[in-house]
Number of protein chains: 2
Amino acid sequence: MEKIPILKMGQFLLVTIQVDLYDRLALNFEADLIQMVNKVEAKGVLIDISAVNIVDSFMGRILGNIADMTRIMDAQTVVVGMQPAVAITLVELGLPLPGVRTALNVEKGMELLHSLIGPNGKEETCENDSNAF
Amino acid sequence: MEKIPILKMGQFLLVTIQVDLYDRLALNFEADLIQMVNKVEAKGVLIDISAVNIVDSFMGRILGNIADMTRIMDAQTVVVGMQPAVAITLVELGLPLPGVRTALNVEKGMELLHSLIGPNGKEETCENDSNAF
């Protein structure tokens, strides 16, 4: 199973990361996700990392890249379910995920996506971008 | 990562199977799922197997067990995203998943769960009064 499934739920895409994102898998995942955003005209991407116990600089960079890429494609990315230990490691590694929006769990992430995207699927201009750990 | 994450979405639970369900992992997953159904009082469980390429009799039995267990717990289980090759293999193995509801994808599975569960979270008695012409 060399592919991370991307689930379409309305105008959002949902992904749960359950395996270590080594090089090729991560790059394939990036490409798949961006193509899916384009194909289904997704307005938001929700990435659940609650099963991720160990994080390294590569994984941090991948998450940042995905957030940047989807933003260029006019979609919002929210990372949810981060374990406390992972947050600690990321900050200690000097990777506080700038530009990546986070939420505690999938439900809160969905609320955030709905609030980011206006009633007509149009992104709201939201000045409040506090994402401090 | 020896745990399959179970995502709570409203009154439903969502699981994507991305790794081979070998013995211990499958049994842990069964137990986790049933405990989660109890804990959050879930009314439905959606299991996405779109990343599953190979299926054996063990996996078929696990899916059947989960459907039976959740039914006893007063929740509905829908399996979604089955690949055509997997469906062929299951039937050829003599495991046509009796008692397991299926849908083509997550969106259709969610619709099915909503239709199975009434407006007040109560299961509907399906009185199918089809008017034969």
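Structural data are supplied above this passage.
Everything numeric here is computed off the predicted structure, so don't read it as measured data. (Residues numbered from 1 in each chain as written. Chains lettered and ligands numbered in written order. Predicted model: local features only at pLDDT ≥ 70, side-chain atom pairs only at ≥ 80, totals over all residues. Heavy atoms only, no water.)

A. Structural context of unusual backbone geometry. Residues and elements named next belong to chain B. Although it is not a glycine, E41 sits at a positive phi angle of roughly 50°. Within the element layout of this structure, E41 appears in the loop between α1 (23-40) and β3 (44-48). On the accessibility criterion, E41 (64% relative accessible area) is exposed. Of note, D74 is a non-glycine position whose phi angle comes to about 70°, a positive value. Position of D74 among the secondary structure elements: in the loop between α2 (57-72) and β4 (76-80). (Helix = DSSP H or I, 4+ residues; strand = E, 2+ residues; numbered from the N terminus. Buried < 20%, exposed > 50% of the residue type's maximum accessible area, 1.4 Å probe, protein only.)

B. Focus on the sheet that holds strand β2 (residues 12-16) of chain A. Residue and element names in this part refer to chain A. Judged by pairing direction, the sheet is mixed, and its five strands sit side by side in the order β1-β2-β3-β4-β5 without closing on themselves. At either end of the open sheet lies a strand with only one pairing partner, and these are β1 (7-9) and β5 (101-103). Taking the axes of each pair of neighbouring strands and ignoring which way they run, one obtains an average angle of 30° across the sheet. In terms of strand pairing, strand β4 (residues 76-80) meets β5 through three bridges, oriented parallel. Following the sheet pairing, V80 is matched in β5 by A103. (Pairing = 2+ DSSP bridges. Axes fitted to C-alpha atoms, helices over the stretch in contact; angles between N-to-C directions.)

C. Inspection of the interface of chain B and chain A at higher detail. In this complex, chain B contributes 21 residues to the contact, which on the side of chain A involves 21 residues. Remark: the boundary between chain B and chain A carries two salt bridges. One salt bridge in this structure joins K8 of chain A and E107 of chain B, with 3.2 Å as the shortest N-O distance. Across the chain B-chain A interface, the total number found is seven residue pairs in polar contact (both at pLDDT 80 or more). (Contact = heavy atoms within 4.5 Å. Salt bridge = Lys/Arg side-chain N within 4 Å of Asp/Glu carboxyl O. Polar contact = N/O pair within 3.5 Å; in protein donor to acceptor, adjacent residues only side chain to side chain.)

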